[in-house]
Each structure stands twice: as C-alpha cells, then as structure tokens.
Amino acid sequence: MCSAGCKDKPSYDWDGNLMWGGSVDIDPHEESGTTTVQWDGKVPNSAGVKDSDLSQELAFAPYATFSTSVPETFPTDDSQGLIGNPVYARCDKVYSPSGCVFRDYMPGYVFNTAKTPAAAAHAWLINTKIRKGAPLNYLPDRRGSTGTHGERNRYNRDPDDNRKVICPDGWAAKHGNPNATPVTDISASDRASCDEFAFASTYNSGGMPKGAEGTNPVRSGDECVQTFATKLSNGTWKLYDEDRQAAPTWKEVCGRSAMSGWINSTSMSRFSSFSSKLRLLDQDLYFVRTPGFEKCNASTATVKCDIR
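Keep in mind the model is a prediction, meaning the values are calculated, not measured.

Engineer: Pulling in residues and values, what's your account of empty space enclosed by the protein?
Structural biologist: In total, this model carries 1 cavity of 30 Å³ or more according to the counting rule given. Here the largest cavity is characterised by a volume of approximately 30 Å³. In terms of lining, the largest cavity is formed by Phe-111, Ala-119, His-122, Ala-123, Asp-195, Glu-196, Phe-197, Phe-199 and Ser-267. Class assignment for the residues of the lining of the largest cavity results in 5 nonpolar, 2 polar and 2 charged.

Written out as structure tokens, the structure reads:
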C-alpha cells in the first residue's frame, strides 16, 4: 500500500509461483516482487516559496496475505500483516525537473583532498576534533534577492549572513595570518581568503542565530579555532595554529582559517551539483568526507597529521 500522494495503486510482478507446498526445513521457498509507483505531483502549497511547501513525503508499506490449509499451522486462516518497516520517499518541485529521493538516505559531500589539501585539512580538523563527525543540517540559499519571493528555508535566512559573522568582508586581508599562501601559479589574481567550518549554508554554522535553530551560535569568528594554510618550498601544504593568538582549547564550536581563495572556492565548487542531484532540502542531514585523513588521530590535545 502507499500513502496519499501516489498516482497508482501498487501491484507486484512476481518472479515465480507464490504457491508453496513444502516446509522450510526441506523445501525453502523464496520469491521476489517488483512494483512501480508514481507520484501524483501534488505538494502542500504549489504557490509557496519554502522547501516544505514544495515537497511531499510518500510512505510505502508492503503488506501480504497468507493462508494455509494444513491443520495447526500458522496461520490457519487468512492473515494480513506488514512486511518490515515502511519505506519513505520524498518528492519535490524545488529542483527542476521534479523528482524523488529516499527520505532516510544520508548523502555525503567529498572533498578533493589532492586538489584542495588546505581546505580538506581544515574541514577534517574541525569536523573530527570538534564535531566528532556529526552530520550537517543543510541551509538552502534564497531563491531570489529580497522578501517573501526569495525564501526557501523556514527562517528566510541568507547563508551569506552566516558567513559575515564568521568571515566578515575583507577579514583575510586585514586580519588573516600574513603567511597564508595564495596559489598565484594557478590563479594569478589569487589572494588569501577566510574559510569557515561548519559551512555558512548550514544550521551548524557559528553564524546561524539560536532563534533560527542555529546549533552553534557565536558572536563572531574570533570565538572559533584559528588556523592558516601555508605552502612550503617543497610543495607541501601545512595547516598551522594561528600563532598570534592563544592555542585552541577545543571547546570551540567552529573553525576559521586564512588560506588561498582559489583553494577555498574550488573545494566547494561541486557543492551546487551535489545538493541539486541529491535534492537536498531545508534542514536535510548530510555528512562530510575528507579522503586521505582516515589514519589521522584527532584525539590528542596537539593534533599532528601527515598524509601522502
């Protein structure tokens, strides 16, 4: 059976005979069935602007009827029951074209560590040392620029407002460590920039207000763990503590790092495709992966890790 929102009543195509004349000990019997279900395209509010207006959950609950003529064998009469737990799909018109995903599948954004090592190192450090690998809650961008025509998330919060709390405009040039290395060999116009974790487009960003369900609100990025990224003469990248300030206590809830603007932006260049293909909606959970750091230990007070 399927909850409201299904266009058709599901029916199954079975791969064999459903009649069974033996016992499980001497004659095990197994059949598989497949079905196709279509969404009827209806959403709570097709004229709405929030993700919750334009998405609909569908619950699939497989039921079966059993009967037997063998005396004292369960069930002796027709019996109907739920097979396993319901499976939930979620369909939306937020992205074009409309589509559906499994609601309980949690996708993961993977950093290209080889291409953007400094950004990957910063994400790994804060995600592992402080967040303990907990998933992030997605905060979508606004659809437009102002007012009710722009909101997608339930608080009409612009993720850029979160960024400005942690990384105010011009912060890297004015306050970032002068040893943060730009990659002018890749991009001639590259300059130092401010990288934050958790991302500004999450409810976990230090810039997300508590009144908007922000989980780690801070007054400014000064309260975050401070680092900077330097490229050595042998081509090795290093992520260092900001030595002009006190060492981190690891009780902080966010990270701020001065690093190459090209590396910073390139590390997130695939996120738009990731969020649209996986159809991330407001407050959806996803995790972050940083390949190469699997053998690194973040349990010590001083964290040192070399990857090749």
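On we go from here.
Engineer: Summarise the sheet that holds strand β3 (residues 55-60); cite the residues concerned and give the values.
Structural biologist: With respect to topology, 3 strands assemble into an open sheet ordered β3-β6-β7, the strand pairing being antiparallel. Each end of this open sheet is capped by a strand with a single partner; those strands are β3 and β7 (99-102). Neighbour-to-neighbour, the strand axes of the sheet open up by a mean angle of 25°, direction not taken into account.

Engineer: Help me get a handle on the pairing of strand β14 (residues 285-289), residues and values and all.
Structural biologist: Every second residue of β14 is oriented toward a common face, the buried set being Tyr-286 and Val-288 and the non-buried set Leu-285, Phe-287 and Arg-289. In the sheet, strand β8 (residues 108-110) pairs with β14 via 3 bridges, with the strands oriented parallel. Across the sheet, Tyr-109 pairs through a bridge with Val-288, a residue of β14.

Engineer: Give me the lowdown on the nonpolar core, citing residues and values where you can.
Structural biologist: Across soluble globular proteins, nonpolar side chains show a tendency to be buried alongside one another. Counting 41 residues, the largest nonpolar core has Phe-111, Phe-197 and Tyr-286 as the members making the most contacts within it. Top contributing element to this core by residue count: helix α1 (residues 117-129), with 8 residues. For Phe-197, the contacting residues outside a window of four places in its chain are His-122, Ala-123, Ile-126, Asn-127, Arg-131, Leu-136, Cys-254, Gly-255 and Val-288. Counting residues in hydrophobic clusters, the runner-up holds 11 residues, among them Ala-180, Cys-194, Val-218 and Cys-224.

Engineer: So what's going on with the packing of aromatic side chains? Residues and values would help.
Structural biologist: In this description, an aromatic ring pair is defined by two values, namely the gap between the centres and the angle between the planes. Counted according to the given criterion, the structure contains 12 aromatic pairs. Aromatic side chains Phe-197 and Phe-199 sit 5.0 Å apart centroid to centroid with 80° between the ring planes, which places their arrangement in the edge-to-face category. With relative accessibility at 1%, the residue Phe-197 sits in the buried group. When the ring of Phe-228 is compared with that of Tyr-240, the centres are 5.6 Å apart and the planes differ by 35°; the resulting orientation is tilted. In this pair, Phe-228 is assigned in strand β11 (residues 225-231) and Tyr-240 in strand β12 (residues 237-241), connecting sequence segments 12 residues apart.

Engineer: Can you explain α1? Please cite residues and give values.
Structural biologist: One full turn of an α-helix is made of 3.6 residues, so residues set three or four places apart face in the same direction. The terminal C-alpha atoms of α1 lie 17 Å apart, and with 13 residues this matches the ideal 18 Å at 1.5 Å per residue to within 8%. A large share of α1 lies buried, amounting to 12 of its 13 residues. Of all the positions in α1, only Pro-117, Ala-118, Ala-119, Ala-120, Ala-121, His-122, Ala-123, Trp-124, Leu-125, Ile-126, Asn-127 and Lys-129 are classed as buried. On its buried face, α1 sits against β10 (192-197), β11, β12, β13 (255-260), α4 (261-267) and β14.

Rules and cut-offs
Residues numbered from 1 in each chain as written. Predicted model: local features only at pLDDT ≥ 70, side-chain atom pairs only at ≥ 80, totals over all residues. Heavy atoms only, no water. 1 Å grid on protein atoms, 1.4 Å probe; cavity = no way out; pocket = protein on both sides within 12 Å on 5 of 7 lines; lining within 4 Å. Points joined across faces, edges and corners; volume = space filled by probe spheres on them. Nonpolar A, V, L, I, M, F, W, Y, C, P; charged D, E, K, R; others polar. Pairing = 2+ DSSP bridges. Helix = DSSP H or I, 4+ residues; strand = E, 2+ residues; numbered from the N terminus. Axes fitted to C-alpha atoms, helices over the stretch in contact; angles between N-to-C directions. Buried < 20%, exposed > 50% of the residue type's maximum accessible area, 1.4 Å probe, protein only. Core = buried A, V, L, I, M, F, W, Y, C linked by side-chain atoms within 4.5 Å. Contact = heavy atoms within 4.5 Å. Phe/Tyr/Trp six-rings, centres within 6.5 Å; stacked < 30°, edge-to-face > 60°. Expected span 1.5 Å × (residues − 1).

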